[in-house]
Amino acid sequence: MSTADVNPLAEGLDRERVAPPCVLVVFGASGDLTSRKLMPAIEQLALKRLLPAAFAVVGVARTEMDDDDFHQRMREAVKDENGGEEAAHVWDQFTGGFRYVAGEYADKATFDRLKEVLDELDAQRGTAGNRLYYLATPPTTFATIAAAIGEHNLNRPPKDKPDAFVRFVIEKPFGRDLESARELDRCLHDVFDETQIYRIDHYLGKETVQNILALRFANAIFEPLWNRRYIDHVQITVAESLGVGHRGGFYEQAGALRDIVQNHVMQVLAITLMEPPATMDSQGIRDEKVKALRAVDILSPDEVANEVVRAQYGAGWVEGEEVKAYRDEVDVSPTSTTETYVAMRLNVDNWRWAGVPFYIRTGKRLPKRVTEVALQFKGVPHLPFRQKQARHLGPNQLVLRIQPDEGITLRIGAKVPGQAFEVRSVSMDFLYGAAFAQETSDAYERLLLDALLGDPTLFIRTDEVEQAWRIVEPLLTAWGEGDAPLARYPAGAWGPKEADRLLDRDGRHWRNP
Amino acid sequence: MTNITTLASWEAESTSIPEIEAALADVRRAEIRAAVRTAVLTLVVVADAGDCAMFLETIREMAITHPAHAIVLVVGDDTGESRTDATVEVHALEREGASVCVEDLVLHVRGPMVHHLDSVVEPFTLADLPVAVWLPGMLTPLSDPLLGAADRIVVDSKELGDAGGLPDISELLRRFPVVDLSWVRLQPWREITAGLFEGDVFRPFVHGVRSATVWGKQGPRLLLGGWLASRLGLEPSAVSLVEDRHASIRLDCVDEASGHHGVFRVERQSTERLITTTVEVDGMEPQVRTLRLRDRSPGRVLGTALSHLGHDRVYEQAVAAALTLAPSPSGASAT
């Protein structure tokens, strides 16, 4: 770096996490995702002064609006009730610089106009040709928008700014199956290099998912035990107490397998399985995640029938409220066979995990919202206590709670105080909140800033997407044949009896989180 | 809003270090939450009796993000026999659902032991964690052994007289790592000013600053002026310091390559926590932005100050440059 590139005023200031000059182009700017997630994230970054002076937002959508309408809409989208008048003032002033381009994504004129606006902003605002395209649009538009960006040469830096960056952000789902995911990638790679593509799974933006990496690779006491020699089995639970709400139409097409297992669960699984990376950078971590997913055994049709349970919730009670059955939800067919619950047993064919079953379950309308990874250790080789002395002693268990109450619980055996020698299991709880009471950033805020900074570590690479689809593809195939049984569970239960039997026959049982 | 619940407490007059240690163990056992305390450093505060409650409040506020094992020393005169009165308290601090347990220890010491405060503090410091010594109101002599026990000295130049006590701090800096709370409070101005020059378009102007004007109260404007002079290599004659209620900065610059002039301003115009930045560059539309100052409560400032230990070279150079800008002892300003 030459002296001219250095900002002497920045020396000694912790400004590594301040975004560089850039135009953020939001496709789907009039939509729900932009208002609910993206704009609040931008507002927080602005309030925390993590966006540079040379920063601009351009909204693109079909809705007819001018710049003023867009400003007004974005102001109304973010009502920071905790921020007070000062936050409102900052946001009002910030949105005043937003621009808007109305038009169809398949219309050349839309992108002609976008190009003009981007050139104007570079000249007026000093945004230096840097672009971040964020697609807050349905997945069906991804290929169309990418192609139009390419046709207008907006996928590469302007000729007079060869060092500028151009990045393209899309949200899950990345395809509906392996083939459609590959087709989407082919379309994107026609226009962008893989290094330009940032695939968001907001689960990876959660502080506590990243904490699994810290727990595993910053502590010498856990990693030596993190293998088949000491671990009996692993349970991954992603439970939601909510039903499908207003997303019935979407959920009918997706189901729990596509909505949760293919992405969130596979990411948590990969982080649990992976080998220590040589470096904690994007390539080091993502290479190891891909290797880990590649080692997951693909289920045969017989195994899908025997080791996977799909189910749907009926009416019941959750958190003190009576709730209706899935089939009675809005925009859901009364004869729907869409699964709202999946449980399965996976095996991993590698040196570290051979023979250790991974039990995975996810569902809606379960008793509470909880995401956790529970590692159950093997028993001691010989228990030197009489049966009566150890009747309340269970195996050691390490539970990584991702949400809520983020933390770690270690279940150990301890002597019960008193004259008799009795041992029983006790839990040592560590709450992240109790040690670091700092506010954590929203996942979108974190990921948006990472994309602006060009750090792809927490984004999903194309080969990760492919490996995740490879694992769930046999389930989609088997279920697509139409004769897969659909179990039922009452809302408020931890799933159907069939899921319990999945573990019963292995002599194990689900833990109650 | 932090809620404080006192879980256990103990106090005694004319007590001894072993008795205090035993009392600490007792209060930790008294309440299950107190058994899981959190601390990232030991913070020793040398306070006047009247300010003790205020400093404890600041430390507890800091503890929610930067938990410290606090020892407050209220130092009496050195006559008569050595004597220690002590108060020990364990608190649960809760904010927005998060909770931490911290303990604080207030020691009133007098007699000859006031010259050996390091020996009073040492038994209570946490093993293998850094020790910070906070001198809020006045600087102790460089020979004070308490300074030798510290990994970092915390001062507040704003509290050390009109010229910010900069000559004394400069002496202290030669021997110890020092953090100045006044410098920490100015961090937003430094961050925002530096941020104006990010990117290829504006970066060249930072290498062509012709003059700087800093408004504010004397201590802060001296530090900001010293910072600009040292970072940008400005002669004292190129830095103007102007008395004002709030800190503001104006930099007049030239991009040597294009010959374009630029004016970069960071202004706080009211008592609101809002800052306006303005960039006016030849050939471009003026850019005006409003930014919010973060919460800079005393606890937050102290927490920020203690988040990095070791020497702050930028601060040290700013102090050195500020001394060249400071009014001479006769009262005539250098600028």
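Structure shown above.
Keep in mind it's a predicted model, so treat the numbers as computed, not measured. (Residues numbered from 1 in each chain as written. Chains lettered and ligands numbered in written order. Predicted model: local features only at pLDDT ≥ 70, side-chain atom pairs only at ≥ 80, totals over all residues. Heavy atoms only, no water.)

Peer 1: Go over the overall build of chain A with me, naming the residues and quoting the values.
Peer 2: Scanning chain A from N- to C-terminus turns up 14 helices and 17 strands. Principal-axis analysis of the C-alpha atoms gives chain A an extent of 80 × 60 × 45 Å. The burial tally for chain A puts 56% of its 513 residues in the buried class. Of all intrachain contacts in chain A linking residues separated by at least 6 positions in sequence, the fraction that spans at least 24 positions is 77%. (Helix = DSSP H or I, 4+ residues; strand = E, 2+ residues; numbered from the N terminus. Buried < 20%, exposed > 50% of the residue type's maximum accessible area, 1.4 Å probe, protein only. Contact = heavy atoms within 4.5 Å.)

Peer 1: Talk me through the packing of helix α1 (residues 32-47) of chain A against helix α3 (residues 84-95) of chain A; I want residue IDs and the actual numbers.
Peer 2: All names here are of chain A. Where α1 meets α3, the closest approach of the two axes is 10 Å, and the angle between their N-to-C directions is 110 degrees. Looking at the two axes, α1 sits roughly perpendicular to α3. Within the contact between the two elements, α1 uses M39, I42, E43, A46 and L47 and α3 uses A87, V90, W91 and F94. Of the residues assigned to the contact of α1 with α3, the class counts are 8 nonpolar, no polar and 1 charged. (Axes fitted to C-alpha atoms, helices over the stretch in contact; angles between N-to-C directions. Parallel < 35°, antiparallel > 145°, perpendicular 65-115°, else oblique. Nonpolar A, V, L, I, M, F, W, Y, C, P; charged D, E, K, R; others polar.)

Peer 1: Residues and numbers for the packing of helix α5 (residues 142-151) of chain A against helix α6 (residues 178-191) of chain A, please.
Peer 2: Residues and elements named next belong to chain A. At a minimum axis separation of 8 Å, α5 and α6 run at an interaxial angle of 15 degrees. The pairing of α5 with α6 is recorded here as roughly parallel in orientation. You can see that α5 and α6 cross each other, and the crossing is left-handed. Each of F142, A143, A146, A147 and G150 in α5 lies in contact with α6, whose residues at this interface are L184, C187, L188 and V191. (Left-handed = near helix turned anticlockwise from the far one by under 90°.)

Peer 1: Provide a residue-level description of the sheet that holds strand β2 (residues 55-61) of chain A, including the pertinent values.
Peer 2: All names here are of chain A. Ordered in space as β3-β2-β1-β4-β5-β6, the 6 strands form an open sheet in which the pairing is parallel. Looking along the sheet, the strands with just one partner apiece sit at the ends: β3 (99-102) and β6 (197-200). Taken pair by pair, the neighbouring strands of this sheet meet at an average axis angle of 20 degrees, ignoring direction. When strand β1 (residues 22-27) meets strand β4 (residues 131-135), the two strands line up parallel, connected through 5 bridges. Note on β4: the bridge partner recorded for V26 is Y134. Contacts from helix α4 (residues 108-125) reach β1, β2, β3 and β4, with the element oriented near 165 degrees to β3. Of the strands in this sheet, β1, β4 and β5 (166-171) touch α5, which is tilted by about 170 degrees from β5. (Pairing = 2+ DSSP bridges.)

Peer 1: Can you lay out the packing of aromatic side chains for me, pointing to particular residues and giving the numbers?
Peer 2: All names here are of chain A. Applying the stated criterion to the full structure yields 23 aromatic pairs over all chains. Ring centres of Y359 and W510 lie 6.2 Å apart, and the angle between their planes is 75 degrees; on these two criteria the pair is classed as edge-to-face. Placement of the pair is Y359 in strand β12 (residues 358-363) and W510 in the segment after α14 (497-504), with a sequence separation of 151 residues. Judged by relative accessible area, W510 falls into the buried class, the value being 9%. Ring pairing ties together the aromatic residues F55, F70, W91, F94, F98 and Y100, which thus form one cluster. A cation over a ring is seen here: R167 above F165, with NZ or CZ 3.7 Å from the ring centre. Just above the ring of W479 sits the side chain of R310; from NZ or CZ to the centre is 4.7 Å. (Phe/Tyr/Trp six-rings, centres within 6.5 Å; stacked < 30°, edge-to-face > 60°. Lys NZ or Arg CZ within 6 Å of the ring centre and 35° of its normal.)

Peer 1: Residues and numbers for helix α11 (residues 313-325) of chain B, please.
Peer 2: All names here are of chain B. The end-to-end C-alpha distance of α11 is 19 Å, a good match for the 18 Å that 13 residues give at a rise of 1.5 Å each. If you check which residues of α11 are buried, you get V314, Y315, A318, V319, A321, A322 and L325. Residues of α11 that are buried sit in contact with α5 (166-175), β8 (178-180), α6 (181-185), α9 (218-232) and β10 (239-243). For α11, the N-terminal capping position is held by D312, with its side-chain oxygen 3.2 Å away from the main-chain nitrogen of V314. (Expected span 1.5 Å × (residues − 1). Polar contact = N/O pair within 3.5 Å; in protein donor to acceptor, adjacent residues only side chain to side chain.)

Peer 1: Requested: an account of the interface of chain B and chain A, with residues and values cited.
Peer 2: Taken together, the 46 residues of chain B in the interface contact 37 residues of chain A. The junction of chain B with chain A conceals about 3700 Å² of combined surface from both sides, 52% of it contributed by carbon and sulfur atoms. For the pair chain B and chain A, the number of links is 4 salt bridges. The interface formed by chain B and chain A contains 14 residue pairs in polar contact (both at pLDDT 80 or more). Among the secondary structure elements, those contributing two or more residues to the side of chain B that touches chain A are β5 (98-110), α7 (187-195), α8 (203-206), α9, β14 (287-292) and α11 of chain B. Among the elements that take part in the side of chain B that touches chain A, α7 of chain B stands out by supplying 8 residues, more than any other. For the side of chain B that touches chain A, the class distribution of residues is 22 nonpolar, 10 polar and 14 charged. (Buried area = accessible area lost by both parts, 1.4 Å probe. Salt bridge = Lys/Arg side-chain N within 4 Å of Asp/Glu carboxyl O.)

Peer 1: Which residues make up a positive patch on the surface, and what values go with them?
Peer 2: All names here are of chain A. Together, R386, K388, R391 and R424 make up a region of like positive charge exposed at the surface. Tracing the backbone through its elements, the reader meets R424 in strand β16 (residues 423-431). For R424, a relative accessible area of 36% corresponds to the partly exposed category. (Patch = residues over 30% accessible without salt bridge, like charges linked within 9 Å, V, L, I, M, F, W, Y side chains within 5 Å. Areas by Shrake-Rupley, 256 points an atom, 1.4 Å probe, with all protein chains shown as cover. Lys, Arg positive; Asp, Glu negative; His and termini not counted. Charge placed at Lys NZ, Arg CZ, Asp CG, Glu CD.)

Peer 1: So what about helix α7 (residues 207-217) of chain A? Which residues, and what values?
Peer 2: With 8 of 11 residues buried, α7 of chain A lies mostly within the body of the structure. All of the buried residues along α7 of chain A are T208, V209, Q210, N211, I212, L213, L215 and R216 of chain A.

Peer 1: How would you sum up the pattern of salt bridges? Please name residues and give values.
Peer 2: Overall, the coordinates contain 48 salt bridges over all chains when judged by the stated rule. For E86 of chain A, the salt bridge goes to R273 of chain B, with nearest N and O atoms at 3.1 Å. Residue E86 of chain A is located in helix α3, and its partner R273 of chain B is located in the loop between β12 (261-267) and β13 (274-281); the two belong to separate chains. Under the relative-accessibility criterion, E86 of chain A is labelled buried at 16%. Relative accessible area serves as the criterion here: at 30%, R273 of chain B is assigned to the partly exposed category.

Peer 1: Tell me about the sheet that holds β12 of chain B, residues and numbers included.
Peer 2: Within a sheet, neighbouring strands are paired by backbone hydrogen bonds and run either parallel or antiparallel to one another. Ordered by their spatial adjacency, 6 strands build an open sheet running β10-β9-β11-β12-β13-β14 (chain B), and the pairing between neighbours is mixed. Among the strands making up the open sheet, the edge pair consists of β10 and β14 of chain B. Mean inter-strand twist for the sheet, computed between neighbouring axes without regard to direction, equals 10 degrees. On top of the sheet, α3 of chain A reaches β13 and β14 of chain B; it is set at about 155 degrees to β14 of chain B, its chief contact.

Peer 1: Please set out unusual backbone geometry residue by residue, giving values where relevant.
Peer 2: Along the chain, K172 of chain A connects to P173 of chain A via a cis peptide bond; the corresponding omega equals 5 degrees. Topologically, P173 of chain A is positioned in the loop between β5 and α6. Backbone geometry at D331 of chain A places phi at a positive 65 degrees, although glycine is not the residue there. Topologically, D331 of chain A is positioned in the loop between β10 (321-323) and β11 (341-346). Even without being glycine, S14 of chain B reaches a positive phi, approximately 45 degrees. Mapped onto the secondary structure, S14 of chain B falls in the loop between β1 (3-12) and α1 (17-30).

Peer 1: Before we move on, could you go through the nonpolar core and cite the residues and values that matter?
Peer 2: In this structure, F27, I42, V58, Y133, L346 and L448 of chain A are the most contacted members of the largest nonpolar core, which totals 149 residues. Excluding residues that lie within four positions of it along the chain, I42 of chain A makes contacts with L24, L51, V57, W91, F94 and L448 of chain A. Core analysis: the second largest hydrophobic core is formed by 88 residues, V114, L160, A194 and V214 of chain B among them. (Core = buried A, V, L, I, M, F, W, Y, C linked by side-chain atoms within 4.5 Å.)

Peer 1: Report on the environment of L291 of chain B, specifying residues and quantitative values.
Peer 2: In this structure, L291 of chain B sits in strand β14. As for L291 of chain B and R268 of chain B, which are separated by 23 residues in sequence, their C-alpha atoms are 9.9 Å apart. If sequence neighbours within four positions are ignored, L291 of chain B has contacts with R49 and V90 of chain A together with I192, R273, L274, I275 and T277 of chain B.

Peer 1: So what about the side chain of D255 of chain B? Which residues, and what values?
Peer 2: Residue and element names in this part refer to chain B. As for its position among the elements, D255 is in the loop between β11 (248-254) and β12. Summary of buried charges: D255 has no salt-bridge partner, and the nearest side chain of opposite charge, R210, is 9.0 Å away. Side-chain polar atoms of D255 contact the backbone nitrogen of A257, separated by 3.1 Å. In contact with D255, other than residues within four places in its own chain, are P204, F205 and H260.

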